[in-house]
2 protein chains.
Amino acid sequence: MKLSAGVEWAVHCCVVLSQAARPVPAARLADLHGVSRSYLAKHLQALAKAEIVRPVEGRDGGYVLTRPAAEISVHDVVRAVDGPEPAFRCTEIRQQGELAAPPEQCRTPCGVARVMADAERAWRRSLAGTSIADLAAGFDTSRITELVGDVPGGAAAG
Amino acid sequence: MKLSAGVEWAVHCCVVLSQAARPVPAARLADLHGVSRSYLAKHLQALAKAEIVRPVEGRDGGYVLTRPAAEISVHDVVRAVDGPEPAFRCTEIRQQGELAAPPEQCRTPCGVARVMADAERAWRRSLAGTSIADLAAGFDTSRITELVGDVPGGAAAG
DNA sequence: TAATCTGCGACAAATATCATCTGAGTTGGA
DNA sequence: TCCAACTCAGATGATATTTGTCGCAGATTA
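All figures in this text were calculated on a predicted structure; none of them were measured in a lab.

Engineer: In this structure, what is going on with the overall build of chain A? I would like to understand it.
Structural biologist: Across its full length, chain A holds seven helices and two strands. Listed N to C, the secondary structure of chain A is α-α-α-β-β-α-α-α-α in terms of helices and strands. What you see for chain A is a C-alpha radius of gyration of 20 Å, clearly larger than the 15 Å of a compact globule of 158 residues, by over 25%. Projected onto its principal axes, the C-alpha coordinates of chain A cover approximately 65 × 35 × 25 Å. When the 158 residues of chain A are sorted by exposure, 45% land in the buried category. Pairs at least 24 residues apart make up 68% of the contacts formed inside chain A by residues separated by at least 6 positions. With 18 positive and 18 negative side-chain charges, chain A shows a separation of 3 Å between the mean positions of the two kinds.

Engineer: Would you take a moment to explain the nonpolar core for this structure?
Structural biologist: General note: in soluble globular proteins, nonpolar side chains tend to be found buried as a group. Of all hydrophobic cores here, the largest spans 99 residues; its most connected members are A:L47 and B:L47. Residues contacting B:L47, with those up to four places away along its chain left out, are B:A10, B:C14, B:I52, B:V53, B:V77, B:A80 and B:V81.

Engineer: Sorry, what's going on with the protein's contact with DNA strand D here?
Structural biologist: Around DNA strand D sit 20 residues in total, of which A:S4, A:S36, A:Y39, A:E57 and B:Y63 are the nearest. Across the atoms of DNA strand D situated within 4 Å of the protein, the share located in sugar and phosphate is 73%. With respect to DNA strand D, the backbone of B:A26 contributes an N or O atom lying 3.2 Å from a phosphate oxygen. Sorting the residues of the surface near DNA strand D by element identifies α3 (37-49) of chain A together with α3 (37-49) and β2 (62-65) of chain B as the ones contributing at least two each. A total of three residues in the surface near DNA strand D trace back to one element, the largest contributor, which is α3(A). Split by residue class, the surface near DNA strand D holds seven nonpolar, seven polar and six charged.

Engineer: What am I meant to see in the relation of the copies chain A and chain B here?
Structural biologist: One copy of the chain maps onto the other through a rotation about an axis followed by a shift along the same axis. Between chain A and chain B, which share one sequence, the superposing operator has a rotation angle of 180° and an axial displacement of 0.0 Å; the RMSD is 0.1 Å. The two molecules are tied by a two-fold rotation axis, judged by turn and shift. When C-alpha distances to the rotation axis are compared across chain A, the minimum falls at A:W123, with a value of 2.5 Å. Mapped onto chain B, 98% of the interface residues of chain A again fall at the interface, so both copies present the same surface.

Engineer: Mind showing me how you'd approach the protein's contact with DNA strand C here?
Structural biologist: Taken together, 21 residues surround DNA strand C, and among them A:A26, A:P55, A:Y63, B:K42 and B:E57 come closest. Sugar plus phosphate: this is where 67% of the atoms of DNA strand C within 4 Å of the protein reside. Here A:A26 contributes a backbone N or O atom positioned 2.6 Å from a phosphate oxygen of DNA strand C. A distance of 3.1 Å separates a phosphate oxygen of DNA strand C from a polar atom in the side chain of B:Y39.

Engineer: How should I be thinking about empty space enclosed by the protein in this particular structure?
Structural biologist: All names here are of chain A. According to the stated counting rule, one finds one cavity of 30 Å³ or more in the structure shown. Of all the elements in the fold, those that place two or more residues in the lining of the largest cavity are α4 (74-82) and α5 (111-128). It is α4 that provides the largest number of residues to the lining of the largest cavity, a total of three residues. Here the residues of the lining of the largest cavity are counted per class, giving three nonpolar, one polar and four charged.

Engineer: Where do I start with the pattern of salt bridges in this structure?
Structural biologist: Pairs can form between side chains of opposite charge whenever their charged atoms are close. What the rule picks out here adds up to twelve salt bridges over all chains. Salt-bridge contacts for A:R67 lead to A:D76; the nearest nitrogen and oxygen are separated by 3.4 Å. The exposure class of A:R67 is partly exposed, given its relative accessible area of 27%. Of the charged contacts in the structure, one is a salt bridge between B:R28 and A:E98, with a shortest N-O distance of 3.3 Å. Taken as a pair, B:R28 in helix α2 (residues 26-33) and A:E98 in the loop between α4 and α5 lie in two separate chains rather than in one.

Engineer: Would you explain the pairing of strand β1 (residues 53-56) of chain A in this entry?
Structural biologist: Each regular strand carries side chains that alternate between the two faces of the sheet. All names here are of chain A. Of the pairings in the sheet, the one linking β1 to strand β2 (residues 62-65) comprises four bridges and is antiparallel in character. When the sheet's bridge partners are listed, V56 is paired in β2 with G62. From the end of β1 to the start of β2, which pair antiparallel, there are five residues, and G58 there has a positive phi angle of about 85°.

Engineer: What is the right way to read the interface of chain A and chain B from this model?
Structural biologist: A common way to report how large an interface is uses the accessible area buried once the components associate. Across the contact, 53 residues belong to chain A and 52 residues belong to chain B. Interface area, chain A with chain B, both sides summed: about 4,700 Å², of which 67% is carbon and sulfur. Where chain A meets chain B, there are two salt bridges. Inspection of the region where chain A meets chain B yields 17 residue pairs in polar contact (both at pLDDT 80 or more). Looking at the side of chain A that touches chain B, the elements with two or more residues in it are α1 (6-18), α2 (26-33), α4, α5 and α7 (141-148) of chain A.

Cut-offs and rules
- Residues numbered from 1 in each chain as written.
- Chains lettered and ligands numbered in written order.
- Predicted model: local features only at pLDDT ≥ 70, side-chain atom pairs only at ≥ 80, totals over all residues.
- Heavy atoms only, no water.
- Helix = DSSP H or I, 4+ residues; strand = E, 2+ residues; numbered from the N terminus.
- Rg over C-alpha atoms; globule rule 2.2 N^0.38 Å.
- Buried < 20%, exposed > 50% of the residue type's maximum accessible area, 1.4 Å probe, protein only.
- Contact = heavy atoms within 4.5 Å.
- Lys, Arg positive; Asp, Glu negative; His and termini not counted.
- Charge placed at Lys NZ, Arg CZ, Asp CG, Glu CD.
- Core = buried A, V, L, I, M, F, W, Y, C linked by side-chain atoms within 4.5 Å.
- Near = heavy atom within 4 Å.
- Polar contact = N/O pair within 3.5 Å; in protein donor to acceptor, adjacent residues only side chain to side chain.
- Nonpolar A, V, L, I, M, F, W, Y, C, P; charged D, E, K, R; others polar.
- Least-squares fit on C-alpha atoms with pLDDT ≥ 70 in both.
- 1 Å grid on protein atoms, 1.4 Å probe; cavity = no way out; pocket = protein on both sides within 12 Å on 5 of 7 lines; lining within 4 Å.
- Points joined across faces, edges and corners; volume = space filled by probe spheres on them.
- Salt bridge = Lys/Arg side-chain N within 4 Å of Asp/Glu carboxyl O.
- Pairing = 2+ DSSP bridges.
- Buried area = accessible area lost by both parts, 1.4 Å probe.

Set out below in structure tokens:
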């Protein structure tokens, strides 16, 4: 099991955006973190499609959060970048080969798939328990505001 | 995030082995499930390396479980096939780019990595809560014993 | 009008997964 | 003792996915 590297970038970008007063261009976000400009742009588009960030077009444009950081969970970001598909996909091998089970026994999900789905739910629930604002509280936000501008109405971690 | 398809095969194979009285060859396990012979062999080797199954060499050989099915968790199998590496690997981008944090602030793990690790622990704990014996109780074991031989000392599920 | 930013698609490289084949070692029987 | 059949094990190649790049078109503001 492997998580896309873009997930880490996206989460950090959201933390930065939570401290920014004005739109931050994608290229600037990449430079702030020292990662590939063109590739980060792709992940930001994924965040935009999930309505976590909103693009501001034109001069002095960039990306802004669509809602307060406290209302964006880490799970939201992971799901947006990594995709909504479950990690485990049951191929129903119980219906193949010599010991294929009769269809009447396959009305309910395969036991293996059930266990995997339960575990994944636990994973997602854990991720959903932390917000971008929670994360921002653990970073040196003064350094961020110094570079991208202060927040208009107070700190994010309330 | 994606889980190797071999995980599903391995779990099903363990369920079959839990019902087998004698060693079951890798090729037979593949035929029973209708999957690739040579590829399943590779995953069985991973299970052997993790000491979940043991190869019996020579004529009439095959694979057997190393311990009772009740003492083999789904997590043991997943870890053996999928590898022990965590899904999320922190690349420490907080130390790169313009807003790189000073090393003195990086003694503790990055907040992002911490959240990811917590979620993964929840995932593993959930998988560890179900054993191969639990899974076998949900399958039609009579069909299995019919093909690979009965268990010597009673059923696997308590 | 000019400058700057995002959106989207095509394209190339790197990596992981999937699949197969051939060889080495062991067992059972003659 | 010898032979033959059967097994696992590791090396090797094909395929799919991810990762990363580039360029052009559309939009907005100074």
